[in-house]
Amino acid sequence: MHVAPPSTTLVQDHVALAEIELCGELIIAASAADEERLSPDRIDEVLKVAAERFAATLRA
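Rules used throughout
Residues numbered from 1 in each chain as written. Predicted model: local features only at pLDDT ≥ 70, side-chain atom pairs only at ≥ 80, totals over all residues. Heavy atoms only, no water. Helix = DSSP H or I, 4+ residues; strand = E, 2+ residues; numbered from the N terminus. Rg over C-alpha atoms; globule rule 2.2 N^0.38 Å. Buried < 20%, exposed > 50% of the residue type's maximum accessible area, 1.4 Å probe, protein only. Areas by Shrake-Rupley, 256 points an atom, 1.4 Å probe, with all protein chains shown as cover. Lys, Arg positive; Asp, Glu negative; His and termini not counted. Charge placed at Lys NZ, Arg CZ, Asp CG, Glu CD.

(A) Structural detail: the overall build of the chain. For the chain, the count of helices and strands is three helices and zero strands. Start at the N end of the chain and walk to the C end: the helices and strands fall as α-α-α. A compact globule built from 60 residues should have a C-alpha radius of gyration of about 10 Å, whereas the chain, at 18 Å, is more than 25% larger. Projected onto its principal axes, the C-alpha positions of the chain cover 55 × 40 × 15 Å. Looking at the chain as a whole, 5% of its 60 residues qualify as buried. Total accessible area on the chain stands at roughly 5,700 Å², and carbon and sulfur atoms take up 61% of it. Charged side chains in the chain number 5 positive and 11 negative. The centres of these two groups are separated by 5 Å.

In structure tokens, the structure reads:
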């Protein structure tokens, strides 16, 4: 049996890391919420959707 040597090259998928971070933020918000589910508005707030939309309109 031949096993490949461990790679010293570090590969990072920045999009995947960002998605994992956003999922973590949603999990934290959901665990702290009093209600059973997060509302769409609360999800947008946690993900900073409104802030990003506002920043995009300023750049345009």
